[in-house]
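Report on the structure
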Amino acid sequence: MNPFEEKIGQLRAGDIEKIEVTRDEFFLFREAWIKQEDKKFFRGIAGLKGNITYVYDTTIV
């Protein structure tokens, strides 16, 4: 099982505030994220050296 599937569920439920994804982990995260029906609510915030912080934001239209 992809470890990001559980983290995505926790983020959606509000159990965690964000998911930190490194450049090396991106494609593993993407594999889990692309399966989500509500994927448009996951907002990625670019960081340094290719790192991305994802938050769940239902205010996005």
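Before any of the text, the structure's been laid out above.
Residues numbered from 1 in each chain as written. Predicted model: local features only at pLDDT ≥ 70, side-chain atom pairs only at ≥ 80, totals over all residues. Heavy atoms only, no water.

This brings us to the pairing of strand 3 (residues 52-56). In regular strands, side chains alternate between the two faces of the sheet. With four of its five residues buried, strand 3 lies for the most part within the structure. One ladder, built from three bridges, connects strand 1 (residues 19-21) with strand 3; its direction is antiparallel. Residue pairing for strand 3: Ile-19 is matched across the bridge by Tyr-54. In this sheet, strand 3 lies alongside strand 2 (residues 42-46) in antiparallel orientation, the contact comprising five bridges. Counted as the bridge partner of Phe-42 is Tyr-56 from strand 3. Connecting the antiparallel pair strand 2 and strand 3 is a turn made up of five residues, with Lys-49 showing a positive phi of about 60°. (Buried < 20%, exposed > 50% of the residue type's maximum accessible area, 1.4 Å probe, protein only. Helix = DSSP H or I, 4+ residues; strand = E, 2+ residues; numbered from the N terminus. Pairing = 2+ DSSP bridges.)

In this section: the pattern of salt bridges. Pairing between side chains of opposite charge can happen when their charged atoms approach one another. On inspection of all chains with the given rule, the structure shows four salt bridges. Of the charged contacts in the structure, one is a salt bridge between Arg-12 and Asp-38, with a shortest N-O distance of 2.8 Å. Remark: Asp-38 occurs in the loop between helix 2 (26-33) and strand 2 and Arg-12 occurs in helix 1 (residues 3-13); sequence separation between them is 26 residues. Between Arg-43 and Asp-57 there is a salt bridge, and its shortest N-O distance comes to 3.6 Å. Taken together, the residues span a long stretch of sequence, with Arg-43 in strand 2 and Asp-57 in the segment after strand 3 at a distance of 14 residues. What makes Arg-43 partly exposed here is its relative accessible area of 36%. With relative accessibility at 17%, the residue Asp-57 sits in the buried group. (Salt bridge = Lys/Arg side-chain N within 4 Å of Asp/Glu carboxyl O.)

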